[in-house]
Amino acid sequence: MPAAYHRALLLHHPDKQIPNTVNSRPHTHTNGNDAITLIKEAYATLSSPALRAAYDTELASSRGHSGPRPAQLVSLEDFAEKEPDDRGVIHWTYGCRCGGFYVITEQEMEEDKHLVGCGSCSEVVWVGYEIAEEE
């Protein structure tokens, strides 16, 4: 992080700016001093565990809790139905690109759960299915 901080400071420092040939002013998108102030504030926030935790909390609350974003939509028809386990639970599996598996159970489908995470990585898929009404 310190190296990135110093690169950003050099990039936005007024003395390091290349003059624009049209109007001979430094070629920046923002005022150089404003950018340096923002970079310094960001570095101070990220360097302090307490300030970073406060920033992360504020950021999470401003974004809302929308949950994980699925990598893809997968139909339940693409899952392989497995034999009931020792407890009699029926489950379906689908292979992840990491080599792990997405697993969804009958109970999870009855609870209307569609977002399923891989057991080996952080990837999430949205499983499409409809609950059949029993007659």
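See above for the structure.
Residues numbered from 1 in each chain as written. Predicted model: local features only at pLDDT ≥ 70, side-chain atom pairs only at ≥ 80, totals over all residues. Heavy atoms only, no water.

Draft legend 1. Highlighting the overall build of the protein chain. What the protein chain contains, in helices and strands, is 4 helices and 6 strands. The linear arrangement of helices and strands in the protein chain, starting from the amino end, is α-α-α-β-β-β-β-α-β-β. Relative to its 135 residues, the protein chain shows a buried fraction of 21%. (Helix = DSSP H or I, 4+ residues; strand = E, 2+ residues; numbered from the N terminus. Buried < 20%, exposed > 50% of the residue type's maximum accessible area, 1.4 Å probe, protein only.)

Draft legend 2. Representation of a nonpolar patch on the surface within the structure. Nonpolar side chains collect at one region of the surface, where Leu73, Leu115 and Trp126 lie side by side and expose about 290 Å² of accessible area between them. Locating Trp126 in the fold gives a position in strand S6 (residues 124-128). (Patch = residues over 30% accessible without salt bridge, like charges linked within 9 Å, V, L, I, M, F, W, Y side chains within 5 Å. Areas by Shrake-Rupley, 256 points an atom, 1.4 Å probe, with all protein chains shown as cover. Salt bridge = Lys/Arg side-chain N within 4 Å of Asp/Glu carboxyl O.)

Draft legend 3. Examining the packing of aromatic side chains more closely. The full count for this structure, using the stated rule, is 3 aromatic pairs. An angle of 25° between the planes, with centres 4.0 Å apart, marks the rings of Tyr5 and Tyr43 as stacked. Of the two residues, Tyr5 is situated in helix H1 (residues 2-12) and Tyr43 in helix H2 (residues 32-47); the sequence distance between them amounts to 38 residues. Tyr5 gets classed as buried once you look at its relative accessible area, which sits at 15%. (Phe/Tyr/Trp six-rings, centres within 6.5 Å; stacked < 30°, edge-to-face > 60°.)

Draft legend 4. Structural view of the environment of Trp92. Here Trp92 lies in strand S3 (residues 91-95). Once the C-alpha coordinates of Trp92 and Glu77 are considered, the two residues, 15 residues apart in sequence, prove to be 9.6 Å apart. Excluding residues that lie within four positions of it along the chain, Trp92 makes contacts with Leu76, Phe79, Ala80, Glu81, Tyr102, Val103, Ile104, Thr105, Glu106 and Met109. (Contact = heavy atoms within 4.5 Å.)

Draft legend 5. Quick peek at the sheet that holds strand S1 (residues 72-75). The 3 strands are arranged S1-S6-S5 in an open sheet whose pairing can be described as mixed. Taken across any chain shown, the strands that pair with only one partner, and hence form the sheet edges, are S1 and strand S5 (115-117). Adjacent strand axes in the sheet meet at a mean angle of 40°, parallel and antiparallel pairs treated alike. Pairing analysis gives 4 bridges linking S1 to S6, with the strands arranged parallel. Paired with Leu73 across the bridge in S6 is Trp126. (Pairing = 2+ DSSP bridges. Axes fitted to C-alpha atoms, helices over the stretch in contact; angles between N-to-C directions.)

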